[in-house]
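Below are the chains, spelled out letter by letter.
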2 protein chains.
Amino acid sequence: MVDNNGVAPGMSPVIPGWFSEFSPMWPGEAHSLKVDKILFQGKSDYQEVLVFQSATYGKVLVLDGVIQLTERDECAYQEMITHLPLCSIENPKKVLVIGGGDGGVLREVSRHSSVEQIDICEIDAMVVDVSKRFFPNVAVGYEDSRVNLHIGDGVEFLKAVPQVTYDAVIVDSSDPIGPAEELFKKPFFELVAKALRPGGVVCTQAESLWLHLNIIEEIVSNCRQIFKGSVNYAWTSVPTYPSGVIGFMLCSTEGPVVDFQHPVTRVDVIGNNNKVKGTLKFYNAEIHSAAFCLPSFAERVLRPKLT
Amino acid sequence: MVDNNGVAPGMSPVIPGWFSEFSPMWPGEAHSLKVDKILFQGKSDYQEVLVFQSATYGKVLVLDGVIQLTERDECAYQEMITHLPLCSIENPKKVLVIGGGDGGVLREVSRHSSVEQIDICEIDAMVVDVSKRFFPNVAVGYEDSRVNLHIGDGVEFLKAVPQVTYDAVIVDSSDPIGPAEELFKKPFFELVAKALRPGGVVCTQAESLWLHLNIIEEIVSNCRQIFKGSVNYAWTSVPTYPSGVIGFMLCSTEGPVVDFQHPVTRVDVIGNNNKVKGTLKFYNAEIHSAAFCLPSFAERVLRPKLT
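Residues numbered from 1 in each chain as written. Chains lettered and ligands numbered in written order. Predicted model: local features only at pLDDT ≥ 70, side-chain atom pairs only at ≥ 80, totals over all residues. Heavy atoms only, no water.

### Considerations on the overall build of chain A
The cut-off we apply is this: Comment: elements are numbered from the N terminus, with helices defined as DSSP H or I runs of at least four residues and strands as E runs of at least two. The quantity called the radius of gyration is restricted to C-alpha atoms. Its globule counterpart is 2.2 Å times the number of residues to the power 0.38. Accessibility here uses a 1.4 Å probe with only protein chains present; expressed as a share of the type maximum, an area under 20% marks a residue as buried, one over 50% as exposed, and anything in between as partly exposed. Throughout, a residue-residue contact means that at least one pair of heavy atoms, one from each residue, lies within 4.5 Å. Note that accessible areas follow from Shrake-Rupley with a 1.4 Å probe, and for residues the cover is restricted to the protein chains shown.
Per the secondary structure count, chain A includes nine helices and twelve strands. Here the C-alpha radius of gyration of chain A, 18 Å, is about what a compact globule of 307 residues would show, namely 19 Å. Projected onto its principal axes, the C-alpha coordinates of chain A cover approximately 55 × 45 × 40 Å. Within chain A, the fraction of its 307 residues that count as buried is 64%. In chain A, of all internal contacts separated by at least 6 residues, the share reaching a separation of at least 24 is 67%. Approximately 11,100 Å² of chain A is accessible, and the part contributed by carbon and sulfur atoms is 50%.

### Let's talk about the confidence of the model for chain A
Predicted coordinates in areas of low pLDDT are best not read in detail. Our working definition: Each residue carries a pLDDT score, the predictor's own confidence in it, on a scale running from 0 to 100.
With 95% of its residues at a pLDDT of at least 70, chain A reaches an overall mean of 93. The ipTM value of the predicted complex is 0.94, and its pTM value is 0.95.

### So, the interface of chain B and chain A
Put simply, the rule reads: Note on terms: buried area is the combined drop in 1.4 Å-probe accessible area of two parts once they are placed together, counting the loss on both. Think of a salt bridge as a Lys or Arg side-chain nitrogen and an Asp or Glu carboxyl oxygen that are within 4 Å of each other. Throughout this description, a polar contact denotes any pair of N or O atoms lying within 3.5 Å of each other; where both atoms belong to protein, one of them has to be capable of donating a hydrogen while the other can accept it, and for residues adjacent in sequence the pair is counted only when both atoms sit in side chains.
In this complex, chain B contributes 44 residues to the contact, which on the side of chain A involves 44 residues. A combined buried area of about 3,500 Å² lies between chain B and chain A, and 62% of that area is made up of carbon and sulfur atoms. In this structure, the connection of chain B to chain A is made through zero salt bridges. Between the two partners, chain B and chain A, sit 28 residue pairs in polar contact (both at pLDDT 80 or more).

### Considerations on the pattern of salt bridges
Under the criterion given, the structure shown has 26 salt bridges over all chains. Residue A:Glu299 pairs with A:Arg303 through a salt bridge whose shortest N-O separation is 2.7 Å. B:Glu182 is the salt-bridge partner of B:Lys185, the closest N and O atoms lying 3.9 Å from each other. Overall, the relative accessible area of 34% leaves B:Lys185 in the partly exposed class. One network of salt bridges, with partners in common, ties together A:Glu74, A:Arg107, A:Glu108 and A:Arg111.

As structure tokens, this is what we get:
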């Protein structure tokens with residue numbers, strides 16, 4: 001399969017043997033990874049899907065030309081987007097994942113021994129299939145018997161969910177350009193709020209402070225109107241994401257107060273916590289709290305809107 | 001001036017109109033910036049010097065093919081490498097900067113009203129000249145009357161410094177491949193320790209946790225042997241540095257105890273601190289403390305060696 005420039009989709013037309021990530025979301029810059037071997041390329045109903053073996057970042061999953069995960073640094077994203085919300089509430093039992101078809105968030109949710117039910121709604125079956133085939137250490141999340149996979153649109157799924165169903169919702173989406181566009185808008189957040197119990201929490205992928213402060217400001221404003229509990233913003237380092245960071249929007253519904261910056265379940269570095277099983281690579285209680293400390297340029301814009 | 005491939009030094013031979021940063025320090029990956037105009041290229045006695053106007057990161061300074069600063073994100077590096085050490089001690093008076101020829105660290109040091117003397121030893125006069133010509137908002141640091149510029153080798157400079165001279169030393173170096181190689185070795189740290197007063201502090205650029213944990217481990221071990229006070233490690237986000245982060249080694253000499261994670265001078269987001277003048281873009285007291293929280297993979301390796 002070749003695109004208009006005569007090269008494979010997602011492959012840089014300009015550096016032979018390298019994948020380069022260009023996007024109107026980050027004009028004027030591009031991160032490139034050396035490709036040892038292309039393992040898969042296909043076009044689903046929703047997007048271009050590419051998997052390659054990189055020279056130094058392990059296997060890489062790319063959707064519509066944008067890196068979704070590499071084996072070398074996926075731990076930071078998956079652990080933070082999962083444990084930031086789940087360690088902020090006592091004994092989460094029912095968790096919904098929107099997106100996250102690769103299974104990495106499922107892997108992290110399933111570490112929580114209190115969890116009884118994990119629903120996931122991913123729009124693109126090809127992402128699930130490709131992850132199971134090429135990323136066994138990520139897709140391992142699907143092997144947990146508590147997981148129920150639904151292939152479909154996240155907004156439609158939420159419309160059918162009875163009110164007050166979930167303790168936590170995790171929105172592991174791609175960027176707001178493409179199939180995930182609706183997941184950054186107010187109607188979606190309203191559906192999430194209805195699906196949560198009082199004092200339930202949502203964590204959603206929320207872009208880069210360096211690149212998209214204006215988008216983040218709008219997401220925060222939308223969330224502030226809809227979520228009557230806490231609204232906070234955290235960020236962390238993921239080397240293969242644009243600008244090297246990714247943020248998370250964390251909100252709770254009206255009910256028992258949630259103090260996102262101070263986790264009620266504390267995971268230490270050694271990993272001997274009976275509520276969260278296994279040894280984490282990136283997340284710990286200290287880095288949880290630190291993630292809410294913002295650089296001054298962002299603090300000045302966002303803090304007045306946070307609760 | 002062209003190199004062997006017939007292109008300007010530091011310019012990508014493979015993406016016309018883009019600068020791409022390749023290095024054996026980060027094999028298999030490269031960050032690229034779109035070039036609007038090349039403003040300067042030259043070869044000093046020590047390195048290749050390139051300045052270009054980028055499409056989206058402002059002007060960019062490149063030494064030996066490696067990005068040193070961009071106007072868009074230099075605030076994070078300059079503010080953190082300066083205020084992490086200077087806010088950790090009471091009323092620093094005499095400060096030495098090794099490297100840092102662009103003047104950005106000087107700009108930050110000069111915000112501290114307690115400081116009476118700022119010495120800087122930069123090996124490469126061309127870096128100073130180029131910064132004054134193309135980066136007035138960075139080189140502004142040289143305009144402070146407390147600044148004394150010495151062009152020369154940092155190791156030789158330190159050998160001539162009387163013992164117990166400085167309250168703080170800031171080592172703003174490039175990577176350990178090239179002219180800065182000696183600044184990562186034990187003899188250099190011994191000279192720094194001698195130049196500091198009891199309970200004096202040093203902060204040195206110390207690479208990326210994601211890319212160079214083994215180098216960092218060795219730096220920590222060396223420092224632990226030489227600095228008999230505190231030894232700690234902090235990190236922060238700088239989008240145009242490899243892997244999107246940069247770390248700082250912070251050490252104090254035997255004497256009054258320094259608790260690096262808890263600054264004695266607290267700079268808030270509004271910037272109304274009479275000890276640190278002006279409004280900072282990135283640094284504040286919360287992000288100071290947060291910078292010492294390490295991901296678990298690094299915490300397990302480094303924490304046993306830190307004090």
